[in-house]
Amino acid sequence: MVTHVPAEAQGDERGALLAFVEAQRGAVRRSVLGLTEEQAASRPSASELSLSGLLKHVAETELNWLRLAQQRPNERARTEATWGDSFRLVDDETIPGTLAFWESVAKETEDFIRSVPSLDDTFPLPEAPWFPEEGRVSMRWLMLHLVEEIGRHAGHADIVRESLDGRNAFELVALERGEVWGG
């Protein structure tokens with residue numbers, strides 16, 4: 001881990017889970033630091049992933065899981081036909097706009113998790129071949145899944161960014177702080 005996740009207040013499991021999710025969000029956000037829209041949209045590695053596409057995907061994915069937990073319709077739901085658009089900025093979408101959208105989702109996630117009566121409360125999984133029929137998961141599971149999901153894509157972002165300009169996660173943490181890594 002490139003950054004230290006602060007310890008939660010004693011017994012604040014929600015705070016601990018939120019802190020670990022935020023640490024992974026930070027890694028993805030840092031991946032676009034100092035890049036133009038064109039650089040962030042480029043695909044410099046063997047993968048079809050771009051940094052701006054990863055940014056959008058994790059923001060929309062977090063929103064999707066939040067809406068599932070809230071048992072509300074997802075206003076940005078994807079279909080098989082629009083799935084590819086979740087990995088690239090389209091029309092007038094920009095990195096600042098996507099970051100602002102994700103910030104609002106993150107705030108809503110925190111408010112929701114802090115407001116649920118118990119992390120043991122459950123919600124139904126959507127119908128999909130990879131989920132059990134009539135499966136349910138807890139709010140705790142949701143938060144752990146967000147750590148896993150965003151963390152996986154943070155790793156992708158590390159590789160794409162390093163392929164793009166050679167900057168690694170340590171350098172990006174320093175850049176975010178206005179410092180130079182190793183300087």
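Below is a summary of the structure that appears in this document. Note that the coordinates shown come from a computational prediction; the quantities given were computed from them, not determined experimentally. (Residues numbered from 1 in each chain as written. Predicted model: local features only at pLDDT ≥ 70, side-chain atom pairs only at ≥ 80, totals over all residues. Heavy atoms only, no water.)

Moving on to the pattern of salt bridges. Summed over the entire model, instances satisfying the criterion amount to 17 salt bridges. For the salt bridge of Asp111 with Lys107, the shortest nitrogen-to-oxygen distance reads 2.8 Å. Note that Asp111 and Lys107 are positioned in helix α4 (residues 95-115) at a spacing of four residues, about one turn of the helix. A relative accessible area of 38% means that Asp111 is categorised as partly exposed. Arg140 is paired through a salt bridge with Asp120; the nearest N and O atoms lie 2.6 Å apart. Pair noted here: Arg140 is in helix α5 (residues 139-165) and Asp120 is in the loop between α4 and β1 (122-124), with a separation of 20 residues, a long-range link. Taken together, the shared-partner salt bridges connect Glu22, Arg25, Arg29 and Glu62 into one network. (Salt bridge = Lys/Arg side-chain N within 4 Å of Asp/Glu carboxyl O. Helix = DSSP H or I, 4+ residues; strand = E, 2+ residues; numbered from the N terminus. Buried < 20%, exposed > 50% of the residue type's maximum accessible area, 1.4 Å probe, protein only.)

A word on the environment of Leu172. For Leu172, the position within the fold is in helix α6 (residues 169-176). Residues Leu172 and Pro117 lie 55 residues apart in sequence; the distance between their C-alpha atoms is 38 Å.

Between its terminal C-alpha atoms α5 stretches 38 Å, which fits the 39 Å expected from 27 residues at 1.5 Å a residue. Three or more residues of α5 are buried, namely Met139, Leu142, Met143, His145, Leu146, Glu149, Ile150, His153, Ala154, Ala157, Val160 and Arg161. Residues of α5 that are buried sit in contact with α1 (13-30), α3 (51-70), α4, β1, β2 (136-138) and α6. Directly after α5, the chain includes Gly166, whose backbone phi takes a positive value near 85 degrees. (Expected span 1.5 Å × (residues − 1). Contact = heavy atoms within 4.5 Å.)

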